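Residues per chain, in single letters:
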Amino acid sequence: MISEYRCETLVLVPTMLQRLLQLGDDEIKKYDTSSLKIIFVAGSAVPPEVGNSAMELFGDVLYNLYGSTEVAVASVATPADWKQAPGTVGRVPVGCTVRLYDDNGNRITRPNETGRIFVGSGLKFSGYTGGGSKDEIDGLLSSGDVGHFDDDGLLFIDGRSDDMIVSGGENVFPGEIENLLLEHPEID
């Protein structure tokens, strides 16, 4: 349909992009996808290998959005951001605030230090229909994720705050393990 209708934008969740790429370069190259200007991915984490493969095959068209129903948009990675740091969810757009806090509610401002992600914008929700909400600090709403900013101000999602496993004194998130398995050539 991209070829037939000359689509410029493709909106996918990462699983759909991964399955598309599993068709293989030869199958995909049977179709003219040169009209694509944007492959917009959201809904869950984009494994670095998937994003890298998409950029190699389709060109510099990958945009990785991070957000949620509760906090709306928190950050967007452009193709340049992805090339600089595969796996990033990018930078915080104008009008949004993203801050990291430790478990005691203290703000984390140092790069490469993981903390709970809190987001603010004019689009945050006012609560669940059954009552209740997410944690709030300084007027910002918890995304339920933990992450870090690198030295260049790019945001990375390290995992869900309730998914962390401590192994041998190290914090391990399932996403890290999934990415390693995805990159392994003997595992499909």
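Note that the structure is predicted; figures quoted are calculated from it, not measured.

1. As for the packing of helix α2 (residues 14–21) against helix α4 (residues 48–58)
In a pair of packed helices, the angle between the axes and the distance between the axes together describe the arrangement.
Then, number 1: Put simply, α2 and α4 touch, their axes get as near as 10 Å, and they point 55 degrees apart. The orientation of α2 relative to α4 falls into the category oblique. Judged by the sense of rotation from one axis to the other, the crossing of α2 with α4 is left-handed. Contacts from L17, Q18, L20 and L21 in α2 reach V50, S53, A54, L57 and F58 in α4.
Then, number 2: Classifying every residue of the contact of α2 with α4 by side-chain character gives seven nonpolar, two polar and no charged.

2. Notes on the pattern of salt bridges
Then, number 1: Scanning all chains against the criterion turns up eight salt bridges.
Then, number 2: In this structure, the salt-bridge partner of D60 is K83, at a minimum N-O distance of 3.0 Å. Here D60, found in the loop between α4 and β3 (62–68), pairs with K83, found in helix α5 (residues 79–84); they are 23 residues apart in sequence, far enough to count as distant.
Then, number 3: Judged by its relative accessible area of 45%, D60 is partly exposed.

3. Section: the pairing of strand β10 (residues 155–160)
Then, number 1: Direction of pairing for strand β9 (residues 140–149) relative to β10: antiparallel, over a ladder of five bridges. Paired with G147 across the two strands is I157, which belongs to β10.
Then, number 2: The turn joining β9 and β10, which pair antiparallel and follow one another in sequence, is formed by five residues; a positive phi near 85 degrees is taken by G153.

4. Digging into unusual backbone geometry
Note: most peptide bonds trans; most residues except glycine with negative phi.
Then, number 1: Of note, R6 is a non-glycine position whose phi angle comes to about 55 degrees, a positive value.
Then, number 2: Along the chain, the position of R6 falls in the loop between α1 (2–5) and β1 (9–12).
Then, number 3: Even without being glycine, N112 reaches a positive phi, approximately 65 degrees.
Then, number 4: Its relative accessible area of 46% is what places N112 among the partly exposed residues.

Conventions adopted
- Residues numbered from 1 in each chain as written.
- Predicted model: local features only at pLDDT ≥ 70, side-chain atom pairs only at ≥ 80, totals over all residues.
- Heavy atoms only, no water.
- Axes fitted to C-alpha atoms, helices over the stretch in contact; angles between N-to-C directions.
- Helix = DSSP H or I, 4+ residues; strand = E, 2+ residues; numbered from the N terminus.
- Parallel < 35°, antiparallel > 145°, perpendicular 65-115°, else oblique.
- Left-handed = near helix turned anticlockwise from the far one by under 90°.
- Contact = heavy atoms within 4.5 Å.
- Nonpolar A, V, L, I, M, F, W, Y, C, P; charged D, E, K, R; others polar.
- Salt bridge = Lys/Arg side-chain N within 4 Å of Asp/Glu carboxyl O.
- Buried < 20%, exposed > 50% of the residue type's maximum accessible area, 1.4 Å probe, protein only.
- Pairing = 2+ DSSP bridges.

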